[in-house]
Amino acid sequence: MNTGQTWTVGVTGATGYAGGEVCRLLAGHPNLRLAGVHANSSAGRRLGELQPHLLPFAEMTVQPSDAASLAGYDVVVLALPHGESAAIAAQLPAETLVIDCGADHRLQDPTAWGRWYGGEHAGSWPYGLPELPGLREQLTGARRIAVPGCYPTSVTLAMAPALAAGLVEPEVVVVAASGTSGAGKSAKPHLLGSEVMGNVSAYGVGGVHRHTPEMIQNLSQAAGSSVSVSFTPTLVPMSRGILATCSAKLQPGVDGPIDTAAARAAYAKAYADEPFVHLLPEGQWPTTAQVLGANTVALQIAVDPDAGRLVVVAAVDNLTKGTGGAALQCANLALGLPETTGLPLVGVAP
């Protein structure tokens, strides 16, 4: 492994939440050096004005986000809104490791892209969720990687083992709560403190949230057949974190009804060697606080015998394992580094 080597990193969208999280994590990475920060809207300003928590990088000047400005780095992280990454990525050298934190290269189906995002499909890249079977091998040595969405990260890791093991029917219901950082840093009236504090609201109801096709894609691959997903996101008064409650109807067990012990065994086997996915002890339920700032996912499962359903709850920090941490986890794999290099396993409390 190349543990003694150092690579330069350029982050575009560095003044936003996701890009800022990538920069925060780079401050503690021994092999990746933040060499440039980019954002068209604030080019020419000091990063410390816009991201005051990033003290080691406060004096860096924000540069434009064009491909010419980004072409000189070993690694480029694109933390941009959907539709803005593909054009830049297409102009970067083939040998540059390009990691897209946006949606442009996640979906494999051009028809799904057209329906949910519109415009021309840019093609799909290796998908940055190493915990799914077969994906770690695709990411090792890759030079183009698509980081998953934050909601799909939590939902996929919550339900993939059950679908892969044939424990549940291929109809998944998800209700997930997210902090306001998931909506990005742009000023929006419904994200004002006076609107959010003391308030919980649903949005994207009725199968219209753009992360839905990504969940369907991932879970269908896990199941080996088509899976439907009913997804209801909610906005809660916290800055970061996702708590996803996922359920599906149990399949008839070969030896009788599936119980919690049998379901736990399937999850324990699926994630036995995964450093960032934790199946909690029975009786302990995930909270967003326990994963705050960590590149981890906390899971708990239960069988509801009266309803005949498996219930899985997942907690993830949408900015760490849900975006920035996933980007560096994938970079580690692509560059031949130990997968956990520079990534926090411990959350921040209280």
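This structure is a prediction, so every number in the text was calculated from the model and none was measured.

**Digging into the pairing of strand β11 (residues 297-304)**
Most of β11 sits out of view: six of its eight residues are buried. Two strands pair when backbone bridges link them, and strand β10 (residues 277-279) and β11 are joined in this way by three bridges, in the parallel orientation. Paired with V277 across the bridge in β11 is V297. Bridging between β11 and strand β12 (residues 309-316) involves eight bridges; their strand directions are antiparallel.

**Focus on the UniProt feature "active site" (unreviewed entry) in the chain**
The positions UniProt marks with the feature "active site" (unreviewed entry) are C150. For C150, the position within the fold is in helix α7 (residues 150-164). Ignoring sequence-local partners within four residues, the contact set of C150 consists of H211, I242, N318 and G322.

**Observations concerning the UniProt feature "domain: Semialdehyde dehydrogenase NAD-binding" (unreviewed entry) in the chain**
Within the UniProt annotation, "domain: Semialdehyde dehydrogenase NAD-binding" (unreviewed entry) is assigned to residues 8-140. Annotated as residues 8-140, this span is 26% helix and 15% strand, and its ends, taken at the C-alpha atoms, are 19 Å apart.

**Some points on helix α9 (residues 212-223)**
Since one α-helical turn is 3.6 residues long, residues separated by three or four positions face the same way. Compared with an ideal rise of 1.5 Å per residue, which puts twelve residues at 16 Å, α9 spans 16 Å between its outermost C-alpha atoms and is within 8% of the ideal. Of the surrounding secondary structure, the elements contacted by the buried residues of α9 are α5 (110-116), α7, β6 (168-178) and β8 (228-235). After α9 finishes, the residue G224 shows a positive phi value of roughly 80°.

**With respect to the nonpolar core**
It is characteristic of soluble globular proteins that their nonpolar side chains tend to be buried jointly. In this structure, M159, V168, V172, L219, L299 and L310 are the most contacted members of the largest nonpolar core, which totals 42 residues. Secondary-structure elements contributing two or more residues to this core are α7, β6, α9, β8, β9 (242-250), α10 (260-270), β11 and β12. Sorting elements by how many residues they give to this core places α7 first, with nine residues. Look past the residues within four positions of V168 in its chain and what remains in contact with it is M159, A162, L163, A248, K249, L250, Q251 and L310. L32, V77, A142 and L335 belong to the second-largest nonpolar core, a separate cluster that totals 39 residues.

**Overview of the pairing of strand β1 (residues 7-12)**
Counted residue by residue, β1 has six buried out of six residues, so it is predominantly covered. The side-chain alternation of β1 yields two buried faces, one formed by W7, V9 and V11 and the other by T8, G10 and T12. Alignment of β1 against strand β2 (residues 32-38), held across six bridges, turns out to be parallel. Counted as the bridge partner of T8 is R33 from β2. As for the winding sense of the linkage, the β-α-β connection from β1 through helix α1 (residues 17-26) to β2 is right-handed. Relative to strand β3 (residues 75-78), β1 runs parallel, the two being bridged by four bridges. Pairing of G10 across the sheet is with V76, part of β3.

**Describing the pattern of salt bridges**
Per the counting criterion, the structure on display carries nine salt bridges. Put simply, E131 and K321 hold a salt bridge, and the shortest N to O gap is 2.9 Å. One end of the pair, E131, is in the loop between α5 and α6 (135-139); the other, K321, is in helix α11 (residues 320-335), and 190 residues separate them in sequence. Between R136 and E274 there is a salt bridge, and its shortest N-O distance comes to 2.7 Å. With R136 in helix α6 and E274 in the loop between α10 and β10, this residue pair connects regions lying 138 residues apart in the sequence. The exposure class of R136 is partly exposed, given its relative accessible area of 23%. With a relative accessible area of 12%, E274 lands in the buried category. Here the residues in one salt-bridge network are E21, R24, R240 and D317, joined through shared partners.

**As for the side chain of S154**
Locating S154 in the fold gives a position in helix α7. Polar contacts involving the side chain of S154 include one to the main-chain carbonyl oxygen of Y151, which spans 2.8 Å. With near-sequence residues (within four places) excluded, S154 lies in contact with I242, A244, A314 and V316.

**Examining the sheet that holds β11**
The seven strands are arranged β7-β8-β6-β9-β12-β11-β10 in an open sheet whose pairing can be described as mixed. At either margin of the open sheet sits one strand with a lone partner, and together these are β7 (201-202) and β10. Pairing of β6 with β8, which is carried by eight bridges, proceeds in the parallel orientation. By the bridge assignment for β8, V173 is matched with S230.

**As for the environment of G28**
Tracing the sequence through the fold places G28 in the loop between α1 and β2. Exposure remark for G28: the relative accessible area of 51% places this residue in the exposed category. Sequence separation between G28 and K185 is 157 residues, and the spatial gap between their C-alpha atoms is 24 Å.

**Points about the state of the cysteines**
The final tally for this structure, using the stated rule, is zero disulfides. Residue C101 stays outside any disulfide, its sulfur separated by 9.0 Å from that of C330, the closest cysteine. Judged by its relative accessible area of 8%, C101 is buried. In this structure C246 is not part of a disulfide, and its nearest cysteine sulfur, from C150, lies 13 Å away.

What counts as what
The residue count restarts for each chain, going from 1 along the sequence in the order it is written. In view of the model being predicted, local features appear only for residues whose pLDDT reaches at least 70, and side-chain atom pairs are presented and counted only at 80 or more, with totals across whole chains, interfaces and linings using the full set of residues. To get the side-chain values, all heavy atoms of the structure are used, and hydrogens and water are removed first. Only protein chains enter the area calculation, which uses a 1.4 Å probe; residues under 20% of their type maximum are buried, those over 50% are exposed, and those in between are partly exposed. Where helices and strands are cited, they refer to DSSP runs of H or I of at least four residues and of E of at least two residues respectively, numbered from the N terminus. Note: two strands are recorded as paired if DSSP finds a minimum of 2 bridges between them. UniProt positions are given in the numbering used here, feature names are shortened, and annotations may be inferred rather than shown by experiment. By definition in these notes, contact holds between two residues if any of their heavy atoms fall within 4.5 Å. A helix is expected to span 1.5 Å multiplied by its residue count minus one. Think of a nonpolar core as a cluster: buried Ala, Val, Leu, Ile, Met, Phe, Trp, Tyr and Cys residues, connected wherever their side-chain atoms sit within 4.5 Å. Here the term right-handed applies to a crossover when the path leading from its first strand over the helix to its second strand runs clockwise, the strands being oriented away from the viewer. In the sections that follow, a salt bridge refers to a side-chain nitrogen of Lys or Arg positioned within 4 Å of a carboxyl oxygen of Asp or Glu. In protein, a polar contact requires one atom able to donate a hydrogen and another able to accept it; more generally it is a pair of N or O atoms within 3.5 Å, and residues adjacent in sequence count only if both atoms are side-chain atoms. Pairs of cysteine sulfur atoms within 2.5 Å are what we label disulfides.

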